[in-house]
Each structure stands twice: as structure tokens, then as C-alpha cells.
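A structural walkthrough
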Amino acid sequence: QRNIRKGGTDTFIIGLLDAEDRNMQPAYQSIRQTALCHPDYHFILLTEKPQVAQDLFVLSANVEIHQQLHLEEVMKECSVALTSDHPDAWLECTFAGLPFIPMSDKEVRRMTPWKLERQIADTLKHQDIYRKNERDMCQYFEEENHKLDAMADRLIAMAECKTNE
């Protein structure tokens, strides 16, 4: 396992933004500009498209691009995730206890360095609240799963009783 955090910097994982075919240039330029202006930030850009590195031109030292990564391991090391607003991304971040910024297609297309910096700053400022809410949500999911398991066990027991009659 590699150490994602570099020198106590805040690490951001940006993933799932290019899942659809859409113009990503404004988002890529915003990420690039924000990384250049904030050397104390460390960005990990997840992509399914090999041309992303070319689209970003020269990368600063605090930006990494990965096509395949063990997301669960990386999420543990990150401060904030910027993701699509797809429910799967939301759930992955929630279960990892990672504060996240869901971005709709419209928000990705209209991303600017200023908006990105503002979203990151606001999320970092309130990350303790986000993490607590995510822990509460995970606890709720676990409680509901236990209830469903108990109900399934009762139904199986009832079905077995019926077949034994």
C-alpha cells in the first residue's frame, strides 16, 4: 500500500467526472489551475479515458492521474472527493466516511478554478460535520440491514415450517 498523503497536505480524489461523453475541458483546466495555485493540495484524478493526461497538458507535481486504482484504499487517505452525482459514487464515499462534493453534469461543464477552490474550502471547513453525518448514515444503513436480515430469517423459518408440514 502506498502513502497518498504527502507532507500533511490535504488530498482530494476527483473521480467519475468523465464517465459520460461530455466536454471536460473547463473542469480539467479548473483542476489544473487550482493545483498550480495550491501546491499544498494533492489531487488524484481518476479517469477511464487515456487522453485525459494529454488534455491536462503539463501536470504539476501535486496532480496524479490513474485509470485503475483500489478506490477503497485511496479513499481512506483522502480529505475530500469530487464525484459525479451518481448514487453509486455517493454510497462509496459515505461508506468510506469521506466528505464529498457531488457534481451534476451542468456543474462539471461550468466548473471554474474559483468555484472549485470555494467548494473545496467549504467542504474542508465543515468536514467534521460531513464525517459525523456519514457515520450516522452508515449506522442507519447497518441497523436497517439487520432488520432486513431478521425479517428474511423469519420468512425462511416460516417457509421451512410450511414445507415440513
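Below, the structure is looked at part by part. Predicted model, so just to flag it, every value in this text is computed and none were measured.

Side chains of Lys106, Arg109, Arg110 and Lys115 sit close together on the surface and give a patch of like positive charge. By the secondary structure assignment, arginine 109 is in helix α5 (residues 105-109). Judged by relative accessible area, arginine 109 falls into the partly exposed class, the value being 44%.

Turning our attention to the pattern of salt bridges. Taken as a whole, this structure holds 3 salt bridges when the rule is applied. Aspartate 122 is the salt-bridge partner of arginine 118, the closest N and O atoms lying 2.9 Å from each other. Separated by 4 residues within a single helix, arginine 118 and aspartate 122 lie in helix α6 (residues 113-125), roughly one turn from each other. Overall, aspartate 122 belongs to the partly exposed group, its relative accessible area being 32%. Among the ionic pairs, glutamate 144 bridges to lysine 147, the shortest N-O distance being 3.2 Å. Separated by 3 residues within a single helix, glutamate 144 and lysine 147 lie in helix α7 (residues 127-164), roughly one turn from each other.

The subject of this paragraph is the pairing of strand β2 (residues 41-46). Where burial is concerned, most of β2 is hidden: 6 out of the 6 residues are buried. Strand direction decides the pairing type here: strand β1 (residues 10-14) and β2, joined by 5 bridges, are parallel. Directly across from aspartate 10, in β2, lies its bridge partner tyrosine 41.

Relative to the 18 Å expected for 13 residues at 1.5 Å per residue, α6 spans 18 Å between its end C-alpha atoms, a close match to the ideal helical length. Taken together, the buried positions of α6 are Leu116, Ile120, Thr123 and Leu124. The buried residues of α6 occupy one face: seen down the axis, they fall within an arc of 100°. α6 presents Trp114 and Lys125 as exposed residues on the side facing more than 90 degrees away from its buried surface. Looking at the packing, one finds that the buried side of α6 touches β1, α1 (25-37), β2, β4 (80-84), β5 (100-103) and α7.

Reading the values: the criteria
Residues numbered from 1 in each chain as written. Predicted model: local features only at pLDDT ≥ 70, side-chain atom pairs only at ≥ 80, totals over all residues. Heavy atoms only, no water. Patch = residues over 30% accessible without salt bridge, like charges linked within 9 Å, V, L, I, M, F, W, Y side chains within 5 Å. Areas by Shrake-Rupley, 256 points an atom, 1.4 Å probe, with all protein chains shown as cover. Salt bridge = Lys/Arg side-chain N within 4 Å of Asp/Glu carboxyl O. Lys, Arg positive; Asp, Glu negative; His and termini not counted. Charge placed at Lys NZ, Arg CZ, Asp CG, Glu CD. Helix = DSSP H or I, 4+ residues; strand = E, 2+ residues; numbered from the N terminus. Buried < 20%, exposed > 50% of the residue type's maximum accessible area, 1.4 Å probe, protein only. Pairing = 2+ DSSP bridges. Expected span 1.5 Å × (residues − 1). Arc of directions from axis to C-beta. Contact = heavy atoms within 4.5 Å.

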